[in-house]
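Residue-level structure breakdown
Take a look at the letters that make up each chain.
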Amino acid sequence: MAMDLRQVVAAILTMSMFLMLGNMIKKDHIDPLLGLLKVSKHSLVKLASGPWKEDDEAMRPCWKKLYKTKKGEQTNGYISLSLTKGPEYHALQIANAIMIAKHLGATLVLPDIKGGKVSEKRMFGEIYDPQKFTTSLDGVIQVVKDPINQQVGEKVVIVKVPERVTEKFISAHIEPILKKKKQVRLTSQYQSSNLTKAKEIGDYLNPYACLAMFGSLDLHPQLKELVDSMVRTLRFLSWKSSAGKFITVDVKVTEFKNKLSCQRNDTTSKEYCYGAEEIGQFLEKIGFRKGTTVYLTQTEWHESLRPLRKYFPNTFTKDAVMPIDLKARYLDSGNFEYEKFIDFYLCMQSDVFVATTMNMFYNNVAEMRIASGKTQILIPANKLSTSAADYLSPHILKKNHMAYSCLCKI
């Protein structure tokens, strides 16, 4: 059958694009223009070969409705705070602040965001969408964008709040100060183990936590577009080998060098650590093909990661898939931890998420993936099984994450 001229041209262009892509991969750099290529799910092969799992249905909010506050209602004071320690902690900090403000009839001041260093500070609107935040809390509590004017010489009282604040704590430690000073600034303290246990989650669960986790925080549109462009680039790299699907692995060189990515076997009490070689062996063992695209949360490529490319040559860090014109702002500025936000939201969107350490990052990426139906979350373990299903996160197998209490099937 004669071939349409347009089909011939399309075939030539496609072949040229893959040759160009091969050259870029060899140079450890992906042209940012590829990030602008929008790859629709409908344009990809329906089934990728390998242990890929189809997404579950997305879930909808079903938490208890909150009592509405009338607009213009008199406030009993102001609650302020800084969001700290990275995006995996922010929703919990917001949940505490909402609960305190609601319980005391106070107004919440739009938080600022602090990085790991004292000098690292950003306004809320530089990272998150302030309009989305204030709209989500409309009728729940009042929110003001600007800090409150203080009298000269007057200091705002700082109160340390536990990881999961209770009404009893609020009444005993915050209410008396707010009545007297009209302003309270919150700071959070965390337990030595930063992974929230299922029982503790159940005890803490309330509609404020659900609202904070799933209804209040969206990335600033510019930062969101950056993450989306990186996702599109990774999907393009996976187009031929895995029908546009890719894996994210939360791994940092410092973690496996310092043996922070180790897990203890309950039967033998022996520790198994997951560095680049072990991650490659694990993914190969459960059936992922050599052409699979793998994204690592390590910011820049490091020689210690090279063994992983022996198993999966298409392994990249963010410096390879981020548009060059944005690197200076988000990676090379050296004065804020943008990479944490990029990794957090990118790991939410991958087809498979692999966590080498079960920490708060893993815990809160899992909750957002549960909400969107992307439940293929794998935990490497020293098992003989070659089935990916045997390495699914306990959050998925046991449905013990708070996400299952906040959300319902559509």
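Owing to the predicted nature of the structure, the values given are computational and were not obtained by experimental measurement.

1. Brief notes about the state of the cysteines
Following the criterion strictly, the structure yields 2 disulfides and no others. The disulfide partner of Cys 62 is Cys 408, and the gap between their sulfur atoms is 2.0 Å. Linking Cys 62 and Cys 408, the disulfide has an S-S dihedral of approximately 85° and is accordingly described as right-handed. Of this pair, Cys 62 sits in the loop between strand 1 (59-61) and strand 2 (78-83) while Cys 408 sits in strand 16 (residues 407-409); the two residues are 346 residues apart in sequence, bridging distant segments of the chain.

2. A closer look at unusual backbone geometry
For Ala 243, which is not glycine, the phi torsion reads 55° and is therefore positive. One non-glycine residue, Lys 399, lies in positive phi territory at about 50°. Following the sequence through the fold, Lys 399 ends up in the loop between helix 17 (394-397) and helix 18 (403-406).

3. Section: the pairing of strand 8 (residues 183-188)
Pairing analysis gives 4 bridges linking strand 2 to strand 8, with the strands arranged parallel. Residue Tyr 78 lies in a different strand from strand 8, and its bridge partner there is Gln 183. Relative to strand 8, strand 7 (residues 157-161) runs parallel, the two being bridged by 5 bridges. From the neighbouring strand, Lys 160 faces strand 8, where its bridge partner is Thr 187. In the classification by handedness, the crossover that spans strand 7, the intervening helix 5 (residues 167-181) and the parallel strand 8 is right-handed.

4. A word on the nonpolar core
Within soluble globular proteins, side chains that are nonpolar tend to cluster in buried spots. By size, the foremost hydrophobic cluster in this structure holds 81 residues, and its most contacted members are Ile 79, Ile 100, Tyr 128, Ile 174, Leu 186 and Ile 342. Of the residues forming this core, the biggest block, 9 residues, is contributed by helix 2 (residues 87-104). Beyond its immediate chain neighbours, meaning those up to four positions away, Ile 174 contacts Ile 100, Leu 104, Val 159, Val 161, Phe 169, Val 184 and Leu 186.

5. Concerning the packing of aromatic side chains
As enumerated under the stated definition, the model contains 10 aromatic pairs in all. Aromatic side chains Trp 52 and Phe 288 sit 4.9 Å apart centroid to centroid with 75° between the ring planes, which places their arrangement in the edge-to-face category. Taken together, the residues Trp 52 in the loop between helix 1 (5-26) and strand 1 and Phe 288 in the loop between helix 11 (276-285) and strand 12 (293-296) connect sequence positions 236 residues apart. With centroids separated by 6.4 Å and ring planes inclined at 55°, the aromatic side chains of Phe 353 and Phe 361 adopt a geometry described as tilted. Residue classification places Phe 361 among the buried residues on the basis of a relative accessible area of 8%. Among the aromatic residues, those joined into a cluster by ring pairs are Phe 124, Tyr 128, Phe 133 and Phe 341. Above the plane of the ring of Phe 361 lies Lys 252, whose end atom (NZ or CZ) is 6.0 Å from the centre.

6. A look at the packing of helix 2 against helix 15 (residues 338-349)
Packing of helix 2 against helix 15 leaves a shortest axis separation of 9 Å and a crossing angle of 85°. The orientation of helix 2 with respect to helix 15, classified from their angle, is roughly perpendicular. Here helix 2 contributes Pro 87, Glu 88 and His 90 to the contact with helix 15, which in turn contributes Lys 340, Phe 341 and Phe 344. For the contact of helix 2 with helix 15, the per-class residue count stands at 3 nonpolar, 1 polar and 2 charged.

7. Quick notes on the sheet that holds strand 9 (residues 246-250)
Pairing is parallel in the open sheet, where 5 strands are placed in the order 13-12-9-14-15. Among the strands making up the open sheet, the edge pair consists of strand 13 (315-316) and strand 15 (377-378).

8. Regarding helix 7 (residues 207-216)
Of all 10 residues that make up helix 7, 10 are buried, and the element is covered over most of its length. For helix 7, the full list of buried residues reads Pro 207, Tyr 208, Ala 209, Cys 210, Leu 211, Ala 212, Met 213, Phe 214, Gly 215 and Ser 216.

9. A short note on helix 5
The end-to-end C-alpha distance of helix 5, which contains 15 residues, comes to 20 Å, matching closely the 21 Å that a straight helix rising 1.5 Å per residue would cover. Residue Ile 174 marks the point of greatest curvature in helix 5, where the axis turns by about 45°; the proline Pro 176 follows within four residues. Taken residue by residue, helix 5 has Phe 169, Ile 170, Ile 174 and Leu 178 as its buried positions. The positive-phi residue at the C-terminal boundary of helix 5 is Lys 182, with phi of around 70°.

10. Considering the environment of Thr 187
Inspection of the secondary structure assignment puts Thr 187 in strand 8. Dropping the residues within four chain positions of it, Thr 187 is found in contact with Ile 158, Val 159, Lys 160 and Val 161.

11. Looking at the packing of helix 15 against helix 16 (residues 360-372)
Following both chains from N to C, one finds helix 15 and helix 16 inclined at 40°, their axes separated by 8 Å at the closest point. The angle between helix 15 and helix 16 falls in the class oblique. Both helix 15 and helix 16 take part in a crossing whose hand is right-handed. The residues of helix 16 that touch helix 15, namely those facing Lys 340, Asp 343, Phe 344, Cys 347, Met 348 and Gln 349, are Phe 361, Asn 364, Val 365, Met 368, Arg 369 and Ser 372. The class makeup of the residues in the contact of helix 15 with helix 16 is 6 nonpolar, 3 polar and 3 charged.

12. What to know about the pattern of salt bridges
Throughout the structure, instances matching the rule amount to 16 salt bridges. The partner of Lys 179 in a salt bridge is Glu 175, and the shortest N-O contact between them spans 3.8 Å. Residue Lys 179 and its partner Glu 175 are located together in helix 5, separated by 4 residues, close to a single helical turn. For Lys 179, a relative accessible area of 60% corresponds to the exposed category. The class of Glu 175 is partly exposed, set by a relative accessible area of 26%. Of the charged contacts in the structure, one is a salt bridge between Arg 235 and Asp 351, with a shortest N-O distance of 2.7 Å. Remark: Asp 351 occurs in the loop between helix 15 and strand 14 (352-355) and Arg 235 occurs in helix 8 (residues 221-237); sequence separation between them is 116 residues. With respect to class, Arg 235 is no different from Asp 351; both count as buried.

What counts and what doesn't
Residues numbered from 1 in each chain as written. Predicted model: local features only at pLDDT ≥ 70, side-chain atom pairs only at ≥ 80, totals over all residues. Heavy atoms only, no water. Disulfide = S-S within 2.5 Å. Helix = DSSP H or I, 4+ residues; strand = E, 2+ residues; numbered from the N terminus. Pairing = 2+ DSSP bridges. Right-handed = clockwise from strand over helix to strand, strands pointing away. Core = buried A, V, L, I, M, F, W, Y, C linked by side-chain atoms within 4.5 Å. Buried < 20%, exposed > 50% of the residue type's maximum accessible area, 1.4 Å probe, protein only. Contact = heavy atoms within 4.5 Å. Phe/Tyr/Trp six-rings, centres within 6.5 Å; stacked < 30°, edge-to-face > 60°. Lys NZ or Arg CZ within 6 Å of the ring centre and 35° of its normal. Axes fitted to C-alpha atoms, helices over the stretch in contact; angles between N-to-C directions. Parallel < 35°, antiparallel > 145°, perpendicular 65-115°, else oblique. Nonpolar A, V, L, I, M, F, W, Y, C, P; charged D, E, K, R; others polar. Expected span 1.5 Å × (residues − 1). Bend = angle between axes of the 7 residues up to and from the residue. Left-handed = near helix turned anticlockwise from the far one by under 90°. Salt bridge = Lys/Arg side-chain N within 4 Å of Asp/Glu carboxyl O.

Worth remembering: the numbers are spatial, not functional.
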